[in-house]
Number of protein chains: 2
Amino acid sequence: MSYLIGMDIGGTNIVCGLTDENGKLLDKIKEPTETAKGSGYVFDKIERMVGELLLKSGIDKFHVRAIGVGTPGFIDPVKGVTVFAGNLQWRQVHTADEISRRTGLPVFIDNDVRMYVYGEAICGAAQGFSHVLGITIGTGLAAAMINDGKLYYGGGYMAGELGHILLPDIPYPCGCGMTGCLETAVSGTGIARQARDRIAAGQPSVLQQWLEGRPLETITAADVSKAYDAGDAMAIEVLNHTGMLLGKGLATAVTLYSPDIIIIGGGGALAGERLFAPMRHYLQQSVYSGYWERLTIRTAQWIDDAGIVGSAMAAKQRLGA
Amino acid sequence: MSYLIGMDIGGTNIVCGLTDENGKLLDKIKEPTETAKGSGYVFDKIERMVGELLLKSGIDKFHVRAIGVGTPGFIDPVKGVTVFAGNLQWRQVHTADEISRRTGLPVFIDNDVRMYVYGEAICGAAQGFSHVLGITIGTGLAAAMINDGKLYYGGGYMAGELGHILLPDIPYPCGCGMTGCLETAVSGTGIARQARDRIAAGQPSVLQQWLEGRPLETITAADVSKAYDAGDAMAIEVLNHTGMLLGKGLATAVTLYSPDIIIIGGGGALAGERLFAPMRHYLQQSVYSGYWERLTIRTAQWIDDAGIVGSAMAAKQRLGA
């Protein structure tokens, strides 16, 4: 029997999991990233975590074929370099080499959202579909496209930045330097921001009472969902508007990529039908009927583990297995 | 020495060309399609044209490896079926089998715009680039994406319908059933339509005098370019607006596909800088700077022959050469 390790290095936590050859997750451990202590510290911690995971599982390292790693930001998967990851404050970090040197194992890295969608495509909610568009609604809005088991990268490995297409009527400046990027409204951050702005502009909402004097900045996307369920008109407007924007953004992606299935993951997916009902409505209105008729839409199977399973399975594929 | 035949079956003409193994066009012949006489008539004509082309070139049929065919509309390249081609009035036509039966040669078909872009990528203006987005501005607006020499198809071979993404402020109904599709404004037809609408709404233009009593419907995109060159304010507004819409539409495609190069072909490309200057301006404004910095934009090398060369080279690739 041989095994793979999948790893997700996020701005907050590192999750490290052991899978079998088929992507079955056997065990996992989690530690805070502590990115402020620098990449060397993080890599030393990863070395320790790999040892600990193997010890805990009773697996000899020689039975592990490779480590797959997902990190946020712009990644060069061929060179194994994290080109830029704002969350980690990493720039031109040789992630694959650093981890390989410490563990003695082959290491393959890629963007964390690509790995998440890869996991869902290979052994999650999109299993059996040939053309998979996966999105994650979290702090931002990210996407990846997989065709016949292969990730779509585009030039500079930069394809799929759905969060940075511009839609009219989005007034927010984006970290990327533009104004009106989809993710400034369609994300956990964006939902909270829309609610705060409406309240600041004087629109009444139950959220104001729930704040009990705390500052507006403490409102989260989860609060907006709660207010929606309480029948709050402001919260209903925000989630309808966000769903509309997501539907229109996805319509463009569907027309250009022609996916068989859209998988929706990330913490923002917890808004569920509050967001998905208006999204479907506007998506159907905004694509040629031939696309809509053959399209399946599903929420992701995993909120947490698709990234580590995807990383492990992508490493297996890149070994040429 | 062995050869390939590339064929472009359009709504107006059939062009049939002979190339060498490297895509060098050696000879070509052209005849009207006469699509009204039915597909059987068209296929018989194609059989005759292939014979005539070989006779004219002095090439024995046994030295021709395959025929590649581009037709408009939705194509199933694996089954060799023209699923639906409005221009030809064909629906579920077994194009590859019909031509193969008549010529005794292997036949591979695909969408004509994919073949055009493939030609430009393999031996035209996009040679040497890994990720090629090609568009043709003609009666409609079509696009194809090629990555490392491979066409991107998506589910149902339906990817790349750039002409059918919706942009705000486009009021025109589209043949696809939606309203506001990019190609209803950004196309030869769309440019002419915008000019007609402005004149009908009372905007003064030199085009009115040029008409000399002919109906507004006779205005073409070429007329609009001519009026632009004469300093006509209406024509300048139409081409600026069209360039802006194209730039914004391309911005979305760049963000999702991340091409290294955009190739622009089709008759509408003859508008040249009148269209491309505003297009570049709005494209640069509407994409993350990281895309813009690595992007090359070129007009197609061929207006006429890329389709037949591309079809011939695609057939060679599909033979497994």
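Fair warning: this is a prediction, and the values are worked out from it, not measured in the lab. (Residues numbered from 1 in each chain as written. Chains lettered and ligands numbered in written order. Predicted model: local features only at pLDDT ≥ 70, side-chain atom pairs only at ≥ 80, totals over all residues. Heavy atoms only, no water.)

1. Let's talk about the overall build of chain A
Along its length, chain A carries ten helices and 13 strands. Taken against the 2.2 N^0.38 rule, which gives 20 Å for 321 residues, the C-alpha radius of gyration of chain A at 20 Å falls within 12% of a compact globule. In terms of overall dimensions, chain A has C-alpha extents of about 60 × 50 × 35 Å along its principal axes. Looking at the 321 residues of chain A, the share that counts as buried comes to 58%. Sequence-distant contacts, at least 24 apart, represent 62% of the contacts inside chain A between residues at least 6 apart. Put simply, chain A shows about 12800 Å² of open surface, and 50% of that area lies on carbon and sulfur atoms. (Helix = DSSP H or I, 4+ residues; strand = E, 2+ residues; numbered from the N terminus. Rg over C-alpha atoms; globule rule 2.2 N^0.38 Å. Buried < 20%, exposed > 50% of the residue type's maximum accessible area, 1.4 Å probe, protein only. Contact = heavy atoms within 4.5 Å. Areas by Shrake-Rupley, 256 points an atom, 1.4 Å probe, with all protein chains shown as cover.)

2. With respect to the relation of the copies chain B and chain A
Superposing chain B onto chain A requires a rotation of 180° together with a translation of 0.0 Å along the rotation axis, leaving an RMSD of 0.1 Å. Here the two chains are linked by the operation of a two-fold rotation axis. A share of 100% of interface residues in chain B that are also interface residues in chain A marks the association as one of identical surfaces. (Least-squares fit on C-alpha atoms with pLDDT ≥ 70 in both.)

3. What about the sheet that holds strand β6 (residues 81–85) of chain B?
Residues and elements named next belong to chain B. With antiparallel pairing, the three strands of this open sheet are ordered in space as β5-β6-β7. Since the sheet does not close on itself, it has two edges, and those belong to β5 (74–76) and β7 (90–93), each with one partner. Adjacent strand axes in the sheet meet at a mean angle of 15° when their direction is disregarded. In terms of strand pairing, β5 meets β6 through three bridges, oriented antiparallel. Each bridged residue has a counterpart across the sheet, and for D76 the counterpart in β6 is V81. (Pairing = 2+ DSSP bridges. Axes fitted to C-alpha atoms, helices over the stretch in contact; angles between N-to-C directions.)

4. Side note on the domain arrangement of chain A
All names here are of chain A. Once the domains are mapped, chain A shows domain 1 (3–120 + 304–318) and domain 2 (128–299). One C-alpha centre belongs to domain 1, the other to domain 2; they are set 27 Å apart. On the side of domain 2, 19 residues touch domain 1, which itself brings 14 residues to the contact. Between domain 1 and domain 2, roughly 1300 Å² of surface is buried when both sides are summed, and carbon and sulfur atoms account for 69% of that area. Taken together, the connections running from domain 1 to domain 2 amount to four residue pairs in polar contact (both at pLDDT 80 or more). Every element with two or more residues in the side of domain 1 that touches domain 2 is listed here: β5 (74–76) and α3 (112–123). At seven residues, the largest contribution of residues to the side of domain 1 that touches domain 2 is made by α3. (Domains from an automatic or database assignment. Buried area = accessible area lost by both parts, 1.4 Å probe. Polar contact = N/O pair within 3.5 Å; in protein donor to acceptor, adjacent residues only side chain to side chain.)

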